Amino acid sequence: MKRVFVALCAGLILSSISPVMAGGVARAVWSSNLATANWSVVAVGTNQSVTNAPYQLSWSVIGGSAYNFFALRNSGSLNVNSFSVVISQARVGGSGAANPVDFELCSGGTWNATTNTCNGTVVLVGRASDLNLNFSNLQLPPNAELSLRAKTAVSGRNNFSTQLDVLVSRNAVRVGAVN
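The rules behind the values
Residues numbered from 1 in each chain as written. Predicted model: local features only at pLDDT ≥ 70, side-chain atom pairs only at ≥ 80, totals over all residues. Heavy atoms only, no water. Helix = DSSP H or I, 4+ residues; strand = E, 2+ residues; numbered from the N terminus. Buried < 20%, exposed > 50% of the residue type's maximum accessible area, 1.4 Å probe, protein only. Contact = heavy atoms within 4.5 Å. Pairing = 2+ DSSP bridges. Axes fitted to C-alpha atoms, helices over the stretch in contact; angles between N-to-C directions. Core = buried A, V, L, I, M, F, W, Y, C linked by side-chain atoms within 4.5 Å. Disulfide = S-S within 2.5 Å. Phe/Tyr/Trp six-rings, centres within 6.5 Å; stacked < 30°, edge-to-face > 60°. Lys NZ or Arg CZ within 6 Å of the ring centre and 35° of its normal.

Undergrad: Explain the overall build of the chain here, please?
TA: A tally of regular secondary structure across the chain gives 2 helices and 11 strands. Secondary structure elements of the chain, listed N to C terminal, follow the sequence α-α-β-β-β-β-β-β-β-β-β-β-β. Here the chain holds 179 residues, and 30% of them are scored as buried. Taking contacts inside the chain between residues at least 6 apart in sequence as the whole, the part at least 24 apart equals 79%.

Right under this line is the structure:
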């Protein structure tokens, strides 16, 4: 009895739609927005634009210590949990190895290039001789950055360059999510 009633109701509904209305009923519009995720951390100097190229420090130390202030910025669209900075140094003139370069993070704050001060806690992250600086256990959201200072002291080997290449692996971003 229930099957006959369902079939009878379906027949009544179909017979009540005129041919003009059938076209409007049968048409459906679907839209979808797709976005691709990307992850990237770049080294960018103070008041410089972001580029996806290695960050180059040129040193010509005449007296005292020399400093370079820069940030490691998440320029992607996902949170980054870890990344590495590969360091390479080259002599520009003279002989011998390049000067030692220390990399210091201003944890919980930013470096002030004018006063050479950190309004957070200064943490030695590594030296250029380490070849890699590794950052882990982070929650670095998009557009957030870590404020760093590179410093070197004067020596007879004062003309050299330091290049920073930032590497972020797929494993260093949040796990996938479906919305």
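Undergrad: Would you mind showing me how to read the sheet that holds strand E2 (residues 55-60) here?
TA: Note on sheets: strands pair through backbone hydrogen bonds, and any given pair is parallel or antiparallel. An order of E2-E11-E4-E9 is seen for the 4 strands of this open sheet, with the pairing classed as antiparallel. Both outer strands of the open sheet, E2 and strand E9 (132-135), are each paired with one neighbouring strand and no more. Strand-to-strand twist in this sheet, taken as the mean axis angle between neighbours without regard to direction, amounts to 20°. The pairing of strand E4 (residues 83-91) with E9 spans 4 bridges and is antiparallel. Bridged to Val86 within E9 is Asn132.

Undergrad: I would appreciate a short explanation of the nonpolar core in the present structure.
TA: In a soluble, globular protein the nonpolar side chains are often hidden away together inside. Ranked by size, the top nonpolar core spans 32 residues in total, and within it Phe70, Leu72, Phe83, Phe103, Phe135 and Leu146 carry the most contacts. For this core, the elements supplying multiple residues, two or more each, are strand E1 (41-45), E2, strand E3 (65-74), E4, strand E5 (102-107), E9, strand E10 (145-153) and strand E11 (159-167). Ignoring any residue separated from it by four or fewer positions in sequence, one finds Phe83 in contact with Val41, Leu72, Leu133, Asn134, Phe135, Leu138, Leu140, Leu146, Val166, Leu167 and Val168.

Undergrad: What should I look at first to understand the state of the cysteines in this one?
TA: Here a disulfide denotes one covalent bond, and it connects the sulfur atoms of two cysteines. Counted by the stated rule, this structure contains 1 disulfide. Here Cys106 engages in a disulfide with Cys118; their sulfurs sit 2.0 Å apart. Here the disulfide of Cys106 and Cys118 is right-handed, its torsion about the S-S bond being about 85°. Residue Cys106 is located in strand E5, and its partner Cys118 is located in strand E7 (residues 117-118); the two are separated by 12 residues in the primary sequence. For Cys118, a relative accessible area of 18% corresponds to the buried category.

Undergrad: Quick question: what am I supposed to make of the environment of Asn52 here?
TA: Note on placement: Asn52 falls in the loop between E1 and E2. The exposure class of Asn52 is exposed, given its relative accessible area of 70%. On a C-alpha basis, the gap between Asn52 and Ser40 in space is 8.6 Å, while along the polypeptide they are 12 residues apart. In this structure, Asn52 is in contact with Ser40, Val42 and Ser75, ignoring residues within four places of it in sequence.

Undergrad: Just checking my understanding: could you explain unusual backbone geometry for this structure?
TA: Backbone phi values are negative for most residues with the exception of glycine, while trans is the configuration of most peptide bonds. Its identity is not glycine, yet Asn116 carries a phi of approximately 60°, on the positive side. Relative to the elements of secondary structure, Asn116 occurs in the loop between strand E6 (111-112) and E7. You will see that Asn137, though not glycine, has its phi angle at about 55°, which is positive. Checked against the element boundaries, Asn137 lands in the loop between E9 and E10. What makes Asn137 exposed here is its relative accessible area of 78%.

Undergrad: Help me out: how do you make sense of the packing of aromatic side chains in this one?
TA: Under the definition given, this model contains 6 aromatic pairs. Residues Tyr55 and Phe70 carry aromatic rings whose centres are separated by 5.4 Å and whose planes lie at 35° to one another, so their mutual orientation is tilted. Taken as a pair, Tyr55 in strand E2 and Phe70 in strand E3 lie far apart in primary sequence, 15 residues in all. Here the two residues Tyr55 and Phe70 agree in accessibility, since each one is buried. Here the guanidinium or amino end of Arg170 rests over the ring plane of Trp39, the centre of that ring lying 5.2 Å away.

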